[in-house]
Amino acid sequence: MSAEDNKALVRRLFEEVCNERKLGVADELFATNHTHHDPSNPSVGQGPEGMKQLISTYQTGFPDAHWSIDAMLLAEDGETVVARWTGVGTHTSDLPGIRATGKKVRVPGIWIYRFSSGKIVESWNIWDTLGMLQQLGIAPAMG
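An account of the accompanying structure is given in this report. (Residues numbered from 1 in each chain as written. Predicted model: local features only at pLDDT ≥ 70, side-chain atom pairs only at ≥ 80, totals over all residues. Heavy atoms only, no water.)

**Regarding the overall build of the chain**
So, point 1. Summing up its helical and strand segments, the chain has four helices and five strands in all.
So, point 2. In the chain, the succession of helices and strands from N to C terminus is α-α-β-α-β-β-β-β-α.
So, point 3. At 15 Å, the chain has a C-alpha radius of gyration in line with the 15 Å of a compact globule built from 143 residues.
So, point 4. In terms of principal-axis extent, the alpha carbons of the chain reach across some 45 × 30 × 25 Å.
So, point 5. Buried residues in the chain amount to 45% of all 143 residues. (Helix = DSSP H or I, 4+ residues; strand = E, 2+ residues; numbered from the N terminus. Rg over C-alpha atoms; globule rule 2.2 N^0.38 Å. Buried < 20%, exposed > 50% of the residue type's maximum accessible area, 1.4 Å probe, protein only.)

**Side note on the pattern of salt bridges**
So, point 1. The tally for this structure, following the rule as stated, stands at nine salt bridges.
So, point 2. Taking the shortest distance from any N to any O, the salt bridge between Lys7 and Glu4 comes out at 3.8 Å. Of this pair, Lys7 and Glu4 both sit in helix H1 (residues 3-19), three residues apart, roughly one helical turn.
So, point 3. A salt bridge links Glu49 to Lys52; the nearest nitrogen and oxygen atoms lie 2.8 Å apart. Note that Glu49 and Lys52 are positioned in helix H3 (residues 47-61) at a spacing of three residues, about one turn of the helix.
So, point 4. Assessed through its relative accessible area of 45%, Glu49 is described here as partly exposed.
So, point 5. Among the ionic contacts, a cluster of salt bridges with common partners joins Arg12, Glu16 and Glu28. (Salt bridge = Lys/Arg side-chain N within 4 Å of Asp/Glu carboxyl O.)

**Observations regarding unusual backbone geometry**
So, point 1. Of note, Arg21 is a non-glycine position whose phi angle comes to about 60°, a positive value.
So, point 2. You can see Arg21 is positioned in the loop between H1 and helix H2 (26-29).
So, point 3. The phi dihedral of Ser117 falls on the positive side, at around 55°, and the residue is not glycine.
So, point 4. The class of Ser117 is exposed, set by a relative accessible area of 77%.

**Remarks on the side chain of Asn41**
So, point 1. Tracing the backbone shows Asn41 in the loop between strand S1 (30-37) and H3.
So, point 2. Residue Asn41 is classed as buried on the basis of its relative accessible area of 16%.
So, point 3. A distance of 3.3 Å separates polar atoms of two side chains, one belonging to Asn41 and the other to Tyr58.
So, point 4. Non-local contacts of Asn41, meaning those with residues more than four positions away in its chain, are made with Leu54, Tyr58 and Trp127. (Polar contact = N/O pair within 3.5 Å; in protein donor to acceptor, adjacent residues only side chain to side chain. Contact = heavy atoms within 4.5 Å.)

**Points about the pairing of strand S4 (residues 104-116)**
So, point 1. Side chains Val105, Val107, Gly109, Trp111, Tyr113 and Phe115 of S4 all project onto a buried face; the interleaved residues Lys104, Arg106, Pro108, Ile110, Ile112, Arg114 and Ser116 project onto a face where none is buried.
So, point 2. Bridge count between strand S3 (residues 80-90) and S4: 11 bridges; the pairing is antiparallel. Bridge pairing links Ala83 to Trp111 in S4.
So, point 3. Hairpin connection of S4 to strand S5 (residues 119-127): two residues between the antiparallel strands, including Ser117 at a positive phi of 55°. (Pairing = 2+ DSSP bridges.)

Rendered as structure tokens:
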């Protein structure tokens, strides 16, 4: 697959899996041995099932959640795509360990994807977890 094909798969992840809530599409995008790295969610399971569980957690906690891609870059190897994203939503249902607050959040992040044979085989996600907790009133504002 080409680098442009890989970018198109990342767009499908955001549009179809995240925003349209078509979790089954993750089976087409992620390899069965996919490994996800995220210091805010260190125990995500492997493969599409792990990603479906992770994404559905935030879809449940923020039923109106919407993720957008702000920028996308290709690495020289053509097998790595970097997406700078923003998620917005209202926290109307519980997240693990956090009762619903009814507050709106806007959270930026960077998600890196490594592809092989047309599937995402490894990904790294870094996002403003502290900022989200501050917006929810769970963590004190800095300064």
